[in-house]
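Examination of the molecular architecture
Okay, here's what each chain looks like letter by letter:
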Amino acid sequence: MNNTPEQPELIEGLSDRQRALLHVLWRILPQARLVGGVVRDLLVGRRVADIDMAVPLAPEQVMERLRAAGVVAVPTGLAHGTVTAVVDGQPCEITTLRRDLLTDGRHAVVAWTDDWQQDAARRDFTFNALFLDQAGRLYDWFGGQADLRAGCVRFVGDAQSRIEEDALRILRFFRFQARYGKGEPAADTVAVLGRTAALLTGLSVERVWSELRQILALPQVMPVMRLMAQTGVLAVILPEGVTLDRLEALEACQPPPDALLRLAALSPAPATVATRLKLSKAEAARLRCIARAGTPESPLARLDNNEQAQDTLRNLLVDAPPDCLMAGLWLCQAQNPQDGARAQALAHLRQRLAGLDVPVFPLAGRDALAMGVTPGPAIGQVITQVRQWWRQGGCKASAEACRAELGRILGEQA
């Protein structure tokens, strides 16, 4: 093991609330150690989102001790030794040290152990196999700290064996490479990723999308996307095909990181992908909306930064959420990222769009009733006519003006 001196200052990288949480848990479980992402992020100075701990006690013992101390203990994954402790609304996953008895590429049958190194040896990457105790002492059996400093994403032990235990580690490799990697990954690791890419077909589409979504949301995505294409991984997880050049053109425009915008650029069949990967209803609707807004035939693609642009944008906002239209404008720019004049016009359109409120048609059926329209289909018909007039005017007419138009229409029909 790579012995390190105590570094109590590492714990200071946590928020006050997180340190208060650990103060409670370490009082109950003094032998527990921080593990995985929390240790990794403390070492590189990143904000810690979630806290995970490991402990050489059976999960039933962990629950018993927590509850005896008045801490909420939720058996979130007893089969895998995981208990979630909740202190003042803050959750912390506490997992019993484990060793694998059997793996099938998706699931593992585990047994409890009190051997910290044995537990570390079953983890995916060296910098995820680090433990930190309450004194600030770091436990590093596989050179994870050095790999983290070097920006080297390295599997614990034999890469192929780790992947065969859980094929999701292929996608996790790319996610960590995009976030922590520096330079090109080791050639032998890349070769293993290529040889094992087909194993991804054995995973649930939900697990695949969960990882892909995180990869697509990272700041610098193109190098890892090219690597995923090179190893054949993209062809496995997106068999509908990919338009890598379109994604590259989008990234050249420097849009904010947006997983669904990038997927709309990457996939020539976003609606099909949304169905196959079982995106949530909200995600699927947003992906389809972005894809439509960013086509060369969309109103956005034909929009110029002129006096009529504001009215057109208001009209589009009636049918599409602002964030979808904003993403669509980035896709429009990606159609010709070298056109400086068009890029400037689209930047102005994005500014205009950001300053607009979503228009709300100010009339309802009760307005027609108040003006003597007989209840029934006639109400919907006349309100639709006024609404069309309101939209043709750029969705700017007030409720008073709309009622006047309603009166005019009714007068013509009398």
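Residues numbered from 1 in each chain as written. Predicted model: local features only at pLDDT ≥ 70, side-chain atom pairs only at ≥ 80, totals over all residues. Heavy atoms only, no water.

Details of unusual backbone geometry
Of note in the backbone geometry, D88 takes a positive phi value of approximately 50° without being a glycine. Relative to the helices and strands, D88 is located in the loop between β5 (82-87) and β6 (90-96). With a phi angle near 60°, C395 is a residue other than glycine that sits in the positive phi range. Within the secondary structure layout, C395 lies in the loop between α20 (377-392) and α21 (399-413). (Helix = DSSP H or I, 4+ residues; strand = E, 2+ residues; numbered from the N terminus.)

Notes on the layout of surface pockets
Taken as a whole, the largest pocket encloses approximately 1500 Å³ of empty space. Residue assignment for the lining of the largest pocket shows that the elements contributing at least two residues are α1 (16-28), α2 (37-44), β3 (52-55), β6, β7 (98-103), β8 (108-112), α7 (168-180) and α9 (205-216). It is α7 that provides the largest number of residues to the lining of the largest pocket, a total of six residues. (1 Å grid on protein atoms, 1.4 Å probe; cavity = no way out; pocket = protein on both sides within 12 Å on 5 of 7 lines; lining within 4 Å. Points joined across faces, edges and corners; volume = space filled by probe spheres on them.)

Quick notes on the packing of helix α12 (residues 244-252) against helix α13 (residues 259-266)
Running from N to C, α12 and α13 cross one another at 135°; their axes reach a closest spacing of 7 Å. Between α12 and α13, the angle falls in the class oblique. Contact residues: α12 offers L244, R246, L247, L250 and E251, while α13 offers L261, R262, A264, A265 and L266. The residue inventory of the contact of α12 with α13, partitioned by class, reads seven nonpolar, no polar and three charged. (Axes fitted to C-alpha atoms, helices over the stretch in contact; angles between N-to-C directions. Parallel < 35°, antiparallel > 145°, perpendicular 65-115°, else oblique. Contact = heavy atoms within 4.5 Å. Nonpolar A, V, L, I, M, F, W, Y, C, P; charged D, E, K, R; others polar.)

Topic: the packing of aromatic side chains
Inspection of the entire model under this criterion finds 13 aromatic pairs. Ring geometry for F125 and F176: centres 5.6 Å apart, planes at 70°, overall edge-to-face. Taken together, the residues span a long stretch of sequence, with F125 in the loop between α4 (116-121) and β9 (131-132) and F176 in helix α7 at a distance of 51 residues. The exposure classification of F125 matches that of F176, with both residues buried. Members of the aromatic cluster, joined through ring pairs, are F125, F127, F155, F173, F174, F176 and Y180. Across the ring face of F176, the terminal group of R175 is positioned such that the distance to the ring centre comes to 5.0 Å. One residue, R350, lies across the ring of W330, its end atom 3.5 Å from the ring centre. (Phe/Tyr/Trp six-rings, centres within 6.5 Å; stacked < 30°, edge-to-face > 60°. Buried < 20%, exposed > 50% of the residue type's maximum accessible area, 1.4 Å probe, protein only. Lys NZ or Arg CZ within 6 Å of the ring centre and 35° of its normal.)

A look at the environment of L199
With respect to the helices and strands, the residue L199 is situated in the loop between α8 (187-196) and α9. The class for L199 is partly exposed, based on a relative accessible area of 38%. Sequence separation between L199 and L148 is 51 residues, and the spatial gap between their C-alpha atoms is 27 Å. Setting aside residues no more than four positions away along its own chain, L199 makes contact with I163, E164 and A167.

What about the pairing of β6?
Most of β6 is tucked away, with five of its seven residues classed as buried. Direction of pairing for β3 relative to β6: parallel, over a ladder of four bridges. Within β6, the residue paired with V55 across the bridge is T96. Sheet topology places β5 next to β6; six bridges connect them, and they run antiparallel. Bridge pairing in β6 places A85 opposite C92. The turn joining β5 and β6, which pair antiparallel and follow one another in sequence, is formed by two residues; a positive phi near 50° is taken by D88. (Pairing = 2+ DSSP bridges.)

Topic: helix α18 (residues 340-354)
Think of an α-helix as turning once every 3.6 residues; residues three or four places apart then point the same way. With 15 residues, α18 ought to run about 21 Å at 1.5 Å a step, and its terminal C-alpha atoms sit 21 Å apart, in line with that. Along α18, the residues that are buried comprise R342, A343, A345, L346, L349, R350 and L353. Buried residues in α18, looked at end-on, bunch into an arc of 160°, giving them a common side. Within α18, the exposed residues directed more than 90 degrees away from the buried face are A341, Q344, Q351 and A354. Among the structural elements, α16 (309-319) and α17 (322-334) are those in contact with the buried residues of α18. (Expected span 1.5 Å × (residues − 1). Arc of directions from axis to C-beta.)

Notes on the pattern of salt bridges
Any two side chains of opposite charge can pair, on the condition that their charged atoms come close. All chains considered together, the criterion is met by 25 salt bridges. Notably, a salt bridge pairs K278 with E206, separated by 3.8 Å at the nearest N-O pair. Taken together, the residues K278 in the loop between α14 (270-276) and α15 (281-293) and E206 in helix α9 connect sequence positions 72 residues apart. Between D311 and K396 there is a salt bridge; the shortest N-O distance is 3.3 Å. Taken together, the residues D311 in helix α16 and K396 in the loop between α20 and α21 connect sequence positions 85 residues apart. Looking at D311, the relative accessible area reads 23%, which means it is partly exposed. Look at the salt bridges and you will find they share partners, linking E12, D16 and R19 into a network. (Salt bridge = Lys/Arg side-chain N within 4 Å of Asp/Glu carboxyl O.)

Some remarks on helix α10 (residues 222-230)
Those residues of α10 that fall on the buried side of the exposure criterion are M222, V224, M225, L227 and M228. Residues of α10 that are buried make contact with α7, α8, α9, α11 (233-237), α12 and α13. In the segment just after α10, G232 is the residue with positive phi, at about 85°.

A few points about the side chain of D133
Relative to the helices and strands, D133 resides in the loop between β9 and β10 (138-140). Judged by its relative accessible area of 9%, D133 falls in the buried class. At 3.0 Å, the side chain of D133 forms a polar contact with the backbone nitrogen of A135. A polar contact of 2.8 Å, which involves the side chain of D133, links it to the side chain of R137. (Polar contact = N/O pair within 3.5 Å; in protein donor to acceptor, adjacent residues only side chain to side chain.)

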